[in-house]
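Fold and contact review
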Amino acid sequence: MCTWHRLIPKEQMDLLTYCRNLPKVELHAHLTGSLSDDTVLQLLEAKEKELGSKNSLCSAKITISKGHQRSLDECFRVFELLHSLTDSLEAIRKITQNVIQEFAEDGVRYLELRTTPKNILGKMTKKEYVDTVLEAMINEMKTCRIMVRLLVSVDRGRGVEDAWSTLSLAKQYLDHDVFKGLLVGIDVSGNPNKGNLADYIPILKEAKKCGFKLAVHLAEVKSCVEETDAVLQNGLVDRIGHGTYLLDNNGYGINNQDMILKHHIPIEICLSSNVKTESVSSFEDHHFPVWHALKHPLAVSTDDKGVFSTTLSNEYYICAKTFNLSEKDIHELCLHAVEATFLPSSDKDILRQMVKDDLSKLMGKLFLGRMTTNTLKPSTVLEICTPKELS
Ligand code: 6MZ
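Throughout what follows, the structure given in this document is the object of discussion. (Residues numbered from 1 in each chain as written. Predicted model: local features only at pLDDT ≥ 70, side-chain atom pairs only at ≥ 80, totals over all residues.)

Some words on the overall build of the protein chain
The number of helices and strands found in the protein chain is 16 helices and ten strands. Across the 391 residues in the protein chain, those meeting the buried criterion constitute 41%. Across the protein chain, the fraction of contacts at a sequence separation of at least 24, relative to all contacts at a separation of at least 6, is 80%. (Helix = DSSP H or I, 4+ residues; strand = E, 2+ residues; numbered from the N terminus. Buried ≥ 20, exposed ≤ 12 C-beta atoms within 10 Å, placed from the backbone. Contact = placed C-beta atoms within 7 Å.)

In C-alpha cells:
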C-alpha cells in the first residue's frame, strides 16, 4: 500500500492522540452497554461452563463480535442477551470492575456510571445488585486514577411499579453508613418505543423532593413529542439524555428549546449511538452544532461503549473532526462536562481544578496543520498515514 509521510512537530499530537490525553468526564454510560468484547467473551465462557454446553451461545458470540451498526430495536435485543449473561453478583462485580478500568485507561477522570438494579429470583435482590456495584466502584477508585459515582436507572420498559421500588431502594443510600454520597442521581432510560414517560412524572417529582438529581432520556426518537413536553414543562430534568428531536424544527414546541436554553439544562451528546441506531442519519446531520453554536452546555458521552464499539476519546475525536472544533472548543467541552456532573460543589471544585491543570499541560499541543515531505525538519517525529487520511 502506498503511504505518505505526515510530519508532526515534537511535542505536538494528532487529534486522536490528543483526545486520548484529554482529562475527560463521562456522564452518560450504561453499565451493561459498556461491556468490552473481552468482557463479553469472559462472560460467555463462564456461562458455557455453568450450562455445560457450547452450542446455545455460539450464535450470540458472532452477534457480539461483529456488532458495529445496530438499530435501536436490535440494541435492546443485545441488552437482553447481555442481561442473561450478567445474572449473578459475581458477574456484576466483574463487569463493574472491568468497565471502570477501561474508562480509566481511556483517560476518563470522572465517571458517572448508570445501571438498572435487577431483582432475579434466587440469584439477587435489587439491593444486593446496587451494593455489589458500589463495592466494586470503591475498590476500583483505590487503584485507578478515576472518581466514580452512580446513577440508578429506571427502565421505562419495566413499568411504574418497578420504578417506585427502585426509587425507594435509592432512598436507602442517601444516609448509608458506607455508601453515602456515591449514589448521586436517577436516570430514566429504556426502550423509547415502550411505555409513556408521562406516567413516570409522579416518581420523578418524588425523587426530586428527596434531593436526587435527574438525568432523563428525552426525545431519543421522533415519536416522543408529547411525553417530552410533559416532563420538561414540569421542570424535572437536570440533564437531558440524547435530546435528538428537541429542536423546534422537529415538531417540538419552540417553548421547549427556549426553556432548555434559559435554564441551561445540559444535553448528553452521544454521537456514535445516535448514528449507529439510525436516529440521526450522519455525524454531519447531528444536533450537536446547533446547540454548540448557541453556547449551550453539552457533555460528550459514549452511551454504550461496548455495544457501539467506541471510547470517550473516540467520541471527542469524532466531534472535533466533524465539526472542526478548535483546541479551545475542545477544552471548553471538557469543562462543560465538569459543570454538568451531579457532584456536590466541594467535589466539583476539586474535579474542575484537576481537569484545568491537565488541560493547561496540553494547551498548544494539538497538531492542526498539514505538512508534506518538503517541510521535513530535523526536530520532527514521523508518522505514517494513508493518502485517504491526508485528503
Ligand atoms: C435508552 C438505553 C440505551 O442498566 O442494564 N439503555 N436506554 N436508550 C439507549 N440508547 C441506545 N442504551 C442503554 O444497561 C443497559 C440498559 O440501559 C438502557 C436500557 O434500559 C438497557 O437495558 P444496564 O446496566
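Next, the rest of the story.
Structural notes on the sheet that holds strand E2 (residues 24-30)
Judged by pairing direction, the sheet is parallel, and its eight strands sit side by side in the order E2-E3-E4-E5-E6-E7-E8-E9 without closing on themselves. One side of each edge strand has no neighbouring strand; the edge strands of this open sheet are E2 and strand E9 (298-300). The average undirected angle you get between the axes of adjacent strands in this sheet is 25°. The pairing of strand E3 (residues 108-115) with strand E4 (residues 147-155) spans six bridges and is parallel. Paired with Arg114 across the bridge in E4 is Leu151. (Pairing = 2+ DSSP bridges. Axes fitted to C-alpha atoms, helices over the stretch in contact; angles between N-to-C directions.)

Regarding the site of the ligand
The ligand sits among 18 residues. The nearest are Leu31, Thr32, Thr115, Thr116 and Ser189. Every element with two or more residues in the shell around the ligand is listed here: helix H4 (72-85) and E4. Residues belonging to the shell around the ligand are distributed by class as follows: three nonpolar, eleven polar and four charged. (Near = placed C-beta within 6 Å. Nonpolar A, V, L, I, M, F, W, Y, C, P; charged D, E, K, R; others polar.)

Description of unusual backbone geometry
A positive phi angle is found at Glu278, which is not glycine, with a value near 65°. With respect to the secondary-structure elements, Glu278 resides in the loop between helix H11 (271-276) and helix H12 (288-293). Of the residues examined, Glu278 has 11 C-beta atoms within 10 Å and is grouped as exposed. With a phi angle near 60°, Lys295 is a residue other than glycine that sits in the positive phi range. Structurally, the position occupied by Lys295 is in the loop between H12 and E9.

Considering the environment of Ala337
Counting through the fold element by element, Ala337 comes out in helix H14 (residues 327-339). Placed 311 residues apart in sequence, Ala337 and Glu26 show a C-alpha to C-alpha distance of 7.7 Å. Apart from residues no more than four positions distant in its own chain, Ala337 is found in contact with Val25, Leu27, Ala299 and Val300.

Remarks on the pairing of strand E5 (residues 183-189)
E5 sits mainly inside the fold: six of its seven residues count as buried. Handedness of the crossover is the feature at issue here: the chain leaves E4, passes through helix H7 (residues 160-171), returns alongside E5, and the resulting connection is right-handed. Pairing of E5 with strand E6 (residues 213-218), which is carried by four bridges, proceeds in the parallel orientation. Paired with Gly185 across the strands is Lys213, a residue of E6. The parallel pair E5 and E6, bridged by helix H8 (residues 201-209), forms a crossover whose chirality is right-handed. (Right-handed = clockwise from strand over helix to strand, strands pointing away.)

Remarks on the packing of helix H5 (residues 89-105) against helix H6 (residues 126-143)
Any two packed helices are characterised by the angle at which their axes cross and by the distance between the axes. One can describe the packing of H5 onto H6 by two numbers: an axis separation of 9 Å at closest approach and a directional angle of 35°. Classified by chirality, the crossing of H6 by H5 is right-handed. Packed against H5, whose contacting residues are Leu89, Ile92, Arg93, Thr96, Gln97, Ile100 and Gln101, the element H6 presents Glu128, Tyr129, Thr132, Val133, Ala136, Met137 and Glu140 at the interface. Taken together, the residues that form the contact of H5 with H6 break down as seven nonpolar, four polar and three charged. (Left-handed = near helix turned anticlockwise from the far one by under 90°.)

Considering the packing of H6 against H7
Contact geometry for H6 and H7: axes closest at 10 Å, N-to-C directions at 50°. Taken together, H6 and H7 sit at an angle that is classed as oblique. As H6 runs across H7, the sense of the crossing is right-handed. On the side of H6, the interface is formed by Lys126, Lys127 and Val130, while H7 contributes Ser165, Thr166 and Leu169. Of the residues assigned to the contact of H6 with H7, the class counts are two nonpolar, two polar and two charged. (Parallel < 35°, antiparallel > 145°, perpendicular 65-115°, else oblique.)

Points about H4
If you check H4, its first and last C-alpha atoms are 20 Å apart, about what 14 residues at 1.5 Å a residue would give, namely 20 Å. When we look at burial in H4, the residues that qualify are Cys75, Val78, Phe79, Leu82 and Leu85. One side of H4 carries all its buried residues, which in axial view fall inside an arc of 115°. Turned more than 90 degrees off the buried face of H4, the exposed positions are Asp73, Arg77, Glu80 and Ser84. The secondary structure elements touched by the buried residues of H4 are helix H2 (37-51) and H5. (Expected span 1.5 Å × (residues − 1). Arc of directions from axis to C-beta.)

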